[in-house]
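# Observations on chain architecture
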Amino acid sequence: MYGPRWLLRRFNICPNANYNYLKNRKAEYQQYKEDIKSSIGEIYHSYGGVDGYRTVHAYLVRRGHKISRLTVHKYMNKEMHLFSISRKKKPTYECGTVHKVFKNRLNQDFTADGINQKWCTDFTYLFLADGNKRYNCSLIDLHDRSIVASITDRHITADLAKRTLQKAIDSKPGINFSNLLVHSDQGSQYTSKEFTEFCETLGITQSMSKAGYPYDNAPMERYFNTLKNDLIYQHYYHTEQELYAAIEDFAYVHYNHVRPHSYNNYKTPYEARHGVT
């Protein structure tokens, strides 16, 4: 009777062929895994360690890797011990002199069928290295979460709110004001005579959150949280020129054109707006 080894020799097959095949496959898998982990580390550190596994996964897919989010999560958290850097945000609300308050027409419907239909706006404070405060006013389009306008200044005023809205309008020639809703909180800058009359003159409809209720303006809260975690908390800014330039670059370049957004199915706001696949 002929045994297995005789048959293998008869057909010129090495007895260890199957073992060697499995061993080589394992080696290929380990090499692929190391390549993936190397890319994860590069992405994580190049953006200051602020991106979680979902965003890192989106960057990997853009590079042509075929890998699941759960696998990225396992590699990052369990094997590489890389965690998204985040800081808790203290909710603040400042009361001021009210000229006119508008009802909440947005009512937490943070979707828009087209561009320039629903804009959200708000203020946040930022610090220079010496402890001095600066204030940023930004405005986003709910259609694709793109930053339409952003201005940073020394004082939080109705004029700053008005200038930011004017900057957004100037960047969108031909906009239909009668179809535009601008949502904000009930801060005195937005309820002021200067700002409300500016909106009324143009035919812009205002909408306002319930007092002290940040969830009514959640997309703005999220943007400011991203701005601080991804940029402000990663650096020291010794001059206001450094701070202003960094915020402009983050808003108009990194946030709008580079950073994937979960609302857009991990496309950038630019890609979502222009239908880039």
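Scoring rules and cut-offs
Residues numbered from 1 in each chain as written. Predicted model: local features only at pLDDT ≥ 70, side-chain atom pairs only at ≥ 80, totals over all residues. Heavy atoms only, no water. Salt bridge = Lys/Arg side-chain N within 4 Å of Asp/Glu carboxyl O. Helix = DSSP H or I, 4+ residues; strand = E, 2+ residues; numbered from the N terminus. Buried < 20%, exposed > 50% of the residue type's maximum accessible area, 1.4 Å probe, protein only. Pairing = 2+ DSSP bridges. Axes fitted to C-alpha atoms, helices over the stretch in contact; angles between N-to-C directions. Contact = heavy atoms within 4.5 Å.

## Some thoughts on the pattern of salt bridges
For the structure shown, the criterion picks out 15 salt bridges. Across the pair Glu200 and Lys100 runs a salt bridge whose closest N-O atoms are separated by 2.7 Å. Highlighted residues: Glu200 in helix 7 (residues 193-202) and Lys100 in the loop between helix 4 (69-79) and strand 1 (118-127), separated in sequence by 100 residues. Classification of Glu200 as partly exposed rests on a relative accessible area of 43%. Residue classification places Lys100 among the partly exposed residues on the basis of a relative accessible area of 32%. Of the charged contacts, one joins Lys193 and Glu197 as a salt bridge, the two residues approaching to 2.9 Å between their closest N and O atoms. Of this pair, Lys193 and Glu197 both sit in helix 7, 4 residues apart, roughly one helical turn. Several salt bridges converge on common partners, so that one network encompasses Lys33, Lys37 and Glu79.

## Section: the sheet that holds strand 1
Within the open sheet, the 5 strands sit side by side as 3-2-1-4-5. Their pairing is mixed. On the outer flanks of this sheet lie strand 3 (146-153) and strand 5 (205-208), each paired with one strand and no other. Here the average twist between neighbouring strands, direction ignored, is 25°. Here strand 1 runs beside strand 2 (residues 133-141); their pairing, made up of 9 bridges, is antiparallel. By the bridge assignment for strand 2, Phe123 is matched with Cys137. Its contacts with the sheet put helix 5 (residues 158-170) on strand 1, strand 2, strand 3 and strand 4 (181-184), and the angle it makes with strand 3 is roughly 145°. Contacts from helix 9 (residues 240-258) reach strand 1, strand 2 and strand 3 within the one sheet, and its direction differs from that of strand 3 by about 175°.

Read these as layout, nothing more, since geometry by itself doesn't imply function.
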